[in-house]
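One-letter residues, chain by chain:
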Amino acid sequence: MTERPTPDLEIVETRVYRGPNIWSYDKAIHLVVDLGGLEQFPTDKLPGFTDHLLEALPALTRHSCSRGRKGGFVERLHEGTWLGHVTEHAALGLEQVVGHDIRRGKTRGVKGEPGRYNVIYGFQDENVGLAAGRLAARLVNHLVQADPEFDWEEQLESFILRAERTAFGPSTQALVDEAVSRDIPWLRLNQYSLVQLGQGVHAKRIRATMTSETSSIAVDVASDKDLTTKLLGAAGLPVPKQESVRGADQAVAAARRIGFPVVVKPLDGNHGRGVCLDLRSEDDVRAAYPVAEEQSRRGTCVVESFVTGKDYRCLIIDGRMAAIAERVPASVTGDGRASVSELVELTNADPRRGVGHEKVLTRIKLDAAAEEILAGQGHTPDSVPAEGETVKLALTGNMSTGGISIDRTFEAHPENVEIAEEAARMIGLDIAGIDFICPDITEPVRETGGAICEVNAAPGFRMHTHPTIGEPQFIAKPVVDMLFPPGTASRIPVVAVTGTNGKTTTARMISHIFKGMGRKVGMTSTDGVVIDERLVIRADASGPRSARMVLQNPRVDFAVFEVARGGILREGLGYERNDVAVVLNVQPDHLGLRGIDTVEQLADVKAVVVEAVPRHGHAVLNADDPLVREMRRRCSGQVVWFSMEDPGSETREMIETHCRRGGKALVLNPSDRGEMIVVKHGRREMQLAWTHLLPATFNGRARMNVQNSLAAAAAAFAAGAPLHDIRQGLRTFSTNYYLSPGRLNEVDVNGVNVIVDYCHNAPGMRMLGDFVDRVGESLSAISELGRISRIGVIATAGDRRDEDMRELGSVAAQHFDVVIVREDDALRGRQRGETADLVAQGVRQAMGDGARCKQVEVVLEEIAAVRHALARANPGDLVVICVDQHGRVMSELETWSNRAQAGSGDHADAPAADPDYTPAEPVTAS
C-alpha cells in the first residue's frame, strides 16, 4: 500500500537579514523549514501538485531557477524537487504578485538534519516578505492535502491588502527609486512614508513630497487658504476674490459681496475634500457650508469667486516648473445601454484603478456626493445616459476622487509658468503644487481670464509620473537634485572591524586617529554606541541595529563599526557596504552556536564584511592568519595586508610581490633600535612609528596591541588619512581606562601591579599570557626578591563548548602562579558553578602536566574574586583580572586603593563601604 503524504511542512525558525549576510550580498529572509514526512515526496511523486501550484501562482512559469532560462522552475517541478525549494519560489511569486520584483533566492539542506532546509529569498518590504513566506508554506501544505479551512482566493486577497497597507505611496516610491538609481542609501524610519536618504551628516529626510528642506512656515501659510490668497494678490498674481467666514450667515453675506457664482471650501482642507463649486444662490451656499466646515480643522471656511475653466496642476520644484497636468473630474460616458452605476463599475474594472493611492488611478465612488451631482444633471445611478453623453461624478479633478490626468508640461505658455513659479516663491515652498483654473494653459492667464485657486504643500506626484494621457514626467530627479546636488556626497566613510580577538581595541584606535583629524566619529563596540567621544548607549552594540543608529545620527561624518559574529548570523550587517573592512584573525571561539561548528565556518561568517567591500574600497587583512589570507579572493576592492612576520619569511615574500604590483601593506621591520612600522605602497616605503614608542604596546611587550596598531594604521591609510595624522593618533592612544575601558588597563593598587582586560577565550589568553610573561620578567628584574607572584582572575562565557572552557584554563595555567576562576553574571544556560568547574578542570590538568600554576581557586562572584586576588597579592606582584563588568571592577580597585591610603588596617579585609561584602571562601586545588 502506497503511503499517503501528510501536510507536515513547518517553519521552525525565521530570521531577517537587513544587510549583507552569509547567504546573500543583499537583504534576505531566512526560513528554516522542516518537511517532516514530506521529505519522501518530491513534486514528481505528488499527482496534480504542479498543475495546482501553477494555477494558484501563474507567475512561477516565468521563474528560471538554476536552469537560467524562463520556465526552468517548471522543468524542476516536473522532474521532481523538494517542497522546501517550492516554498522559496512560492514566496518570491507572492512578492511579485504585489509588484515587488524580487528574484533572488536559494534553498539548501541543513547539514546533518535530513528533512530540514534553509530557505532564503530576497525582499523589498520586510513585513510583506515575512507574510509571503508564511502564506507560501500554508499553500504548499494545502496543495499536498486540501485544507477545508484554507480559502486561497481569500488568503491571497488578504495578503495583497496587507502589502498595500505597508507599501510606499507613489510619490515616496518615485523618490526612493530615484535615490537607488544614484546609489544613495535609504532607510525607512517608520511604518508610513518617513524615509532617510543618505547617511550621517549627509542625511536628508522625506515624507511623501515634503523634505527636510521644506519650510514649516511655508506649509502653515499654504494650509491657510485665505492668507495664501492675500499674499499672492499682494504680489500681483491672479487670484479669485475671497473672504474667510465662520457660519452659514457670514458665508451668505460674503457671497453677496463677491457676487455669484461662488465656491465654498474649508480654510485648511486638502485633496479637494469639502470643496463645493458653482454655487449660484444663497440656498446653495447655506447647504454647502456644513459640508466645507466638516473638513476644516479650524472650523473656518473660505468663500471665493467661482473661476470657470479647466483645472491645471503646476508642479514647482526648487523654484522651477517641473510638470503640468490637466485634471479632469471623475466622469463616465454613456453608450445608450448601460446605467450610470454599470458604467462606473466598468470604468473601475480598469486594472490601473485601485483603492486610494495603491494604483496610478483611483476607483470612482458612487456615494451620496456623487448622487447629488448626478441629480444636478438630471440623472440617478440607475439612469441610462445617451450615447456619447458625459456624466460628471465629481466637481473637482483630484486624482483621489477618481479623476484622470493629461500631461500638459510642454504646452503651457511661458507667462503662466512664470506666474506659477512666482507663487511658489511667495509662499516659500521647495515643492509646491499650484492649482490654476483657466480656459487654456497655452494662453496667458492675464489675457484669457483665470486665477490661482490654491497652493499645495506636499503635492502628489501620481498625476505627473503616471498621467492617463500623455508622456510621464520624471519629476523625482529634480527633487533628488535639490537634496543632493550633483557632486555632493550622500554616504559617510564606513570602517568595519571583525575578528576573534582585538576588535574593540582596533576600532577604538581607528576612531581616535580620525577624531584627531577633526572628524565626528560614530563608533559601535561591545561597550556601546559612541558619538563624537560621548557614550550615548551602554550595551553590547556590536550588532547591526547599533550600526543603523550611527548612520542615522546627523552629526556623524565617519563611522567605525565593531562587527561581531553573532550580529552577522542574526541579522546580517546593518548597512549596505563598508568602505574599509578589517579582519584581524579567525580563531576557535563561539563554536557550536547557530550552526557554526568549525573554524572554517567561522571564517565564512567573518568574511561577510570583506564581501561588503565595493570596488573602490579596501580590505585590510592579516597576512599571518591563513584563514584571513584566503579572504582576499572574496574582496571586490583592493587588499591591504598587515603582518608581524620578519623580512625573508614566506608571508613577507608574498607581501613584497603584492606591493611590486602596486599594492599596499603595513609591516614590521626590526632593527637594533626596535621595531619600525613601515607603510608600503607600490615600490615606496614610508616609516610610520617605532612600536616601543606607542603607549598601547607597553614598550612593545603587548604584542596583541602591536598587531592591533598595524591593523588600525592600515585601515586609516586605506581610508585616506595622512601618515602624520596616523602617527599622531597611535602615539596619543593609550590603554588607560578613559580611552580603552576594559582593555589592558594598568592600575597600581598599593604597590600591586593590576592589569584589567576582557580576555575570555583560549586564543586571547595565549596573547595575554605572552604579555604577562614579558611584563613578569621586567617586574622580576626590578624586584628586591628577584621574583614576583603572578595571579590571574579568569572566566569565560557559558555558551562556549566544554573543551573550549578547559582549554582556557589550561592556557592560563602556563602563565600564572595562582589562577582564580570566577563566573560571569549571565550564565547563558549553565548551572551556577558549572562553567567555573570546567575552567578549573583545565587548570588542574595542566598543573598535572607540569605547568607554571601551583594553585587554582574558584570564587564565583566577580567582585569577591577581585578582592580575594588583591588580598593574597604582595607589593610588586602582578594581578591580571579578566573582567565581565569592567566599570564595577575599576570602581572596586579605586575603593580598595583609597581605603589603604587612608590607613584603615589590614588590606585583606573588605572595604567597609560595601555592606553586602562577605569574605571569599575559595575552593582550593593545589
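As the structure is a prediction and not an experimental result, all values here were calculated from the model.

Student: Tell me about the environment of lysine 365, and please be specific about residues and values.
Tutor: Tracing the backbone shows lysine 365 in the loop between β17 (361-362) and α12 (368-376). Measuring from C-alpha to C-alpha, the distance between lysine 365 and aspartate 224 comes to 28 Å, with 141 residues separating the pair along the chain.

Student: Explain the sheet that holds strand β10 (residues 262-266) residue by residue, including any values.
Tutor: Taken together, four strands build an open sheet; the order of strands is β9-β12-β10-β11 and the sheet is antiparallel. Looking at which strands have only one partner, the edges of the open sheet turn out to be β9 (242-245) and β11 (276-279). Neighbour-to-neighbour, the strand axes of the sheet open up by a mean angle of 20 degrees, direction not taken into account. Bridge analysis of β10 against β11 gives two bridges, and the strand direction is antiparallel. From the neighbouring strand, valine 262 faces β11, where its bridge partner is leucine 279. Here helix α10 (residues 282-294) sits on the sheet in contact with β9, β10, β11 and β12 (301-305), set at roughly 20 degrees to β10.

Student: Can you lay out the packing of helix α7 (residues 216-223) against helix α8 (residues 225-234) for me, pointing to particular residues and giving the numbers?
Tutor: Contact geometry for α7 and α8: axes closest at 5 Å, N-to-C directions at 100 degrees. One way to sum up the angle between α7 and α8 is to call them roughly perpendicular. When α7 is examined against α8, the residues Val221, Ala222 and Ser223 are found in contact with a partner set consisting of Lys225, Leu227, Thr228 and Leu231. Of the residues contributing to the contact of α7 with α8, the split by class is four nonpolar, two polar and one charged.

Student: For the packing of aromatic side chains, give the residues involved together with the corresponding values.
Tutor: Applying the stated criterion across every chain yields a total of six aromatic pairs. Where phenylalanine 168 meets tryptophan 186, the ring centres are 6.0 Å apart and the plane angle is 65 degrees; that geometry is what we call edge-to-face. In this pair, phenylalanine 168 sits in the loop between α5 (152-166) and α6 (170-181) while tryptophan 186 sits in strand β5 (residues 186-188), placing the two residues 18 residues apart along the sequence. Accessibility expressed as a relative area gives 29% for tryptophan 186, which makes it partly exposed. A cation over an aromatic ring shows up here: lysine 664 above the ring of phenylalanine 717, its NZ or CZ 5.7 Å from the ring centre.

Student: Lay out the packing of helix α4 (residues 126-144) against α5 with the relevant residues and their values.
Tutor: Two elements in contact, α4 and α5, have axes whose closest approach is 10 Å; the angle formed by their N-to-C orientations is 170 degrees. Put simply, α4 runs roughly antiparallel to α5. Of the residues in α5, those touching α4 at Asn127, Val128, Ala131, Ala132, Arg134, Leu135, Arg138 and Leu139 are Trp152, Gln155, Phe159, Arg162, Ala163 and Thr166. For the contact of α4 with α5, the class distribution of residues is eight nonpolar, three polar and three charged.

Student: Give me the lowdown on a nonpolar patch on the surface, citing residues and values where you can.
Tutor: Judged by side-chain polarity, Val536, Ile537 and Met549 come together as a nonpolar surface patch covering roughly 220 Å² of accessible area. Locating methionine 549 in the fold gives a position in helix α18 (residues 544-552).

Student: So, α4: which residues are in play, and what are the values?
Tutor: Look at α4: 28 Å from first C-alpha to last across 19 residues, which is about the 27 Å you get at 1.5 Å a residue. When you tally the buried positions in α4, you get 15 out of 19 residues, the bulk of the element. If you check the start of α4, you find a side-chain oxygen 3.1 Å away from the backbone N of asparagine 127, and it comes from aspartate 125.

Student: For the side chain of serine 405, give the residues involved together with the corresponding values.
Tutor: Here serine 405 lies in strand β19 (residues 404-407). Among the polar contacts made by the side chain of serine 405, one reaches the main-chain carbonyl oxygen of methionine 463 at a distance of 3.1 Å. Look past the residues within four positions of serine 405 in its chain and what remains in contact with it is Ala325, Glu326, Met399, Met463, His466, Pro467, Thr468 and Ile469.

Student: Report on the nonpolar core, specifying residues and quantitative values.
Tutor: If you look at the biggest cluster of nonpolar residues, it comprises 47 residues, and the most contacted ones within it are Phe561, Tyr575, Val609 and Leu621. If one sorts the elements of this core by residue count, helix α20 (residues 599-606) sits on top with four residues. Those residues in contact with valine 609, other than ones at most four positions away along the chain, are Ala496, Thr498, Val563, Leu573, Tyr575, Asn578, Ala581 and Val583.

Student: Residue-level account of the sheet that holds β5, with values.
Tutor: Taken in spatial order, the four strands make up an open sheet running β5-β6-β7-β8, and their pairing is antiparallel. Sheet topology places β5 and β8 (210-211) at the edges, where each strand pairs with a single neighbour. Taken together, the two bridges between strand β7 (residues 204-207) and β8 define a ladder with antiparallel strand orientation. Within the sheet, the bridge partner assigned to arginine 207 lies in β8 and is methionine 210.

Calculation rules
- Residues numbered from 1 in each chain as written.
- Predicted model: local features only at pLDDT ≥ 70, side-chain atom pairs only at ≥ 80, totals over all residues.
- Heavy atoms only, no water.
- Helix = DSSP H or I, 4+ residues; strand = E, 2+ residues; numbered from the N terminus.
- Pairing = 2+ DSSP bridges.
- Axes fitted to C-alpha atoms, helices over the stretch in contact; angles between N-to-C directions.
- Contact = heavy atoms within 4.5 Å.
- Parallel < 35°, antiparallel > 145°, perpendicular 65-115°, else oblique.
- Nonpolar A, V, L, I, M, F, W, Y, C, P; charged D, E, K, R; others polar.
- Phe/Tyr/Trp six-rings, centres within 6.5 Å; stacked < 30°, edge-to-face > 60°.
- Buried < 20%, exposed > 50% of the residue type's maximum accessible area, 1.4 Å probe, protein only.
- Lys NZ or Arg CZ within 6 Å of the ring centre and 35° of its normal.
- Patch = residues over 30% accessible without salt bridge, like charges linked within 9 Å, V, L, I, M, F, W, Y side chains within 5 Å.
- Areas by Shrake-Rupley, 256 points an atom, 1.4 Å probe, with all protein chains shown as cover.
- Salt bridge = Lys/Arg side-chain N within 4 Å of Asp/Glu carboxyl O.
- Expected span 1.5 Å × (residues − 1).
- Polar contact = N/O pair within 3.5 Å; in protein donor to acceptor, adjacent residues only side chain to side chain.
- Core = buried A, V, L, I, M, F, W, Y, C linked by side-chain atoms within 4.5 Å.

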